[in-house]
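# Examination of the molecular architecture
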Amino acid sequence: DFQLESGEQASLQLATEAIAVQATKNELLYKEVAEHTDLKFYDKGNGNVSYDFILEPGADVKNVRFELENGTSAYINDDGELAIPVEGGEMRHSKPIAYQEIDGQRIAINSNFVLKDGDLGFNLGRYNSDYTVVIDPEIYFAPVPREMEIEEGDGNFFTSVECERGVTNTVQCN
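## Overview of unusual backbone geometry
- The phi dihedral of His 36 is positive, around 60°, even though this residue is not glycine.
- Note that His 36 resides in the loop between β4 (27-34) and β5 (37-43).
- Assessed through its relative accessible area of 31%, His 36 is described here as partly exposed.
- Positive phi outside glycine occurs at Asp 117, with the angle close to 50°.
- Looking at the secondary structure, you find Asp 117 in the loop between β13 (111-116) and β14 (119-124).
- Exposure remark for Asp 117: the relative accessible area of 73% places this residue in the exposed category.

Below, the structure written as structure tokens:
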């Protein structure tokens, strides 16, 4: 389990117990979660958990797959994010950013989630198989807004969109 700065919990269950784990203050590194592939969890400093799949040369992105609990309700939204409905909102994984470091330059690789029957994986565009590939999504909680209309005595209406963490937007309507 991971404690986010916001107080929320995130957890990971791996299918095998034979995975070596290296832990530092702000990072967990799971070695060889798939052939030539490590998995690193860390806090980017904004209170959200981020994770990297680190594919060394020889790794096959098709082997980077995991089963989602309650995966039948998960979906890929219009922004390319993985959205998993939970009480009070959605747990989201940002659209994956993939890249390679080659000769000191970060080279972007097209990437997206693939979700099929509760199994999550990735598609990658063209990349140089001689170099390490990093796939880097971030996990965050998106509260489901509730909309309320309030009428004041002078005939003005206000529409507020309220989330579990407070009012996020108020619009006056005459």
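## Here we look at the environment of Arg 65
- Tracing the chain through its elements places Arg 65 in the loop between β6 (49-55) and β7 (66-67).
- Sequence spacing of Arg 65 and Leu 115 is 50 residues, and the spatial spacing of their C-alpha atoms is 9.5 Å.

## A word on the confidence of the model for the protein
- Scored by pLDDT, the protein comes out at a mean of 75, with 66% of its residues at no less than 70.
- When the elements of the protein are averaged for pLDDT, strand β19 (residues 166-173) gives the smallest value, 38, and strand β12 (residues 105-109) the largest, 97.
- The low-confidence segment residues 1-18 (pLDDT under 50) makes 28 contacts with residues lying over four places distant or belonging to another chain.
- Below a pLDDT of 50 lies the segment residues 157-174, which in the model reaches 50 contacts outside its immediate sequence neighbourhood of four places, other chains included.

## Quick word on the sheet that holds β7
- Taken together, the 3 strands give an open sheet; going across it, the order is β7-β14-β13, and neighbouring strands pair in antiparallel fashion. Because the sheet does not close on itself, it has two edges, and the strands there are β7 and β13.
- The pairing of β13 with β14 spans 6 bridges and is antiparallel. If you follow Asn 112 over to β14, its bridge partner there is Asn 123.

## Focus: the pairing of strand β11 (residues 97-102)
- Bridge count for β11 against strand β15 (residues 133-136) is 3 bridges, and the pairing is antiparallel. Considered in β15, the bridge of Ala 98 is made with Ile 135.
- Relative to β12, β11 is paired through 5 bridges, and the arrangement is antiparallel. Across the sheet, Ile 102 pairs through a bridge with Gln 105, a residue of β12.
- The turn joining β11 and β12, which pair antiparallel and follow one another in sequence, is formed by 2 residues; a positive phi near 50° is taken by Asp 103.

Cut-offs used in this document
Residues numbered from 1 in each chain as written. Predicted model: local features only at pLDDT ≥ 70, side-chain atom pairs only at ≥ 80, totals over all residues. Heavy atoms only, no water. Helix = DSSP H or I, 4+ residues; strand = E, 2+ residues; numbered from the N terminus. Buried < 20%, exposed > 50% of the residue type's maximum accessible area, 1.4 Å probe, protein only. pLDDT = per-residue confidence, 0-100. Contact = heavy atoms within 4.5 Å. Pairing = 2+ DSSP bridges.

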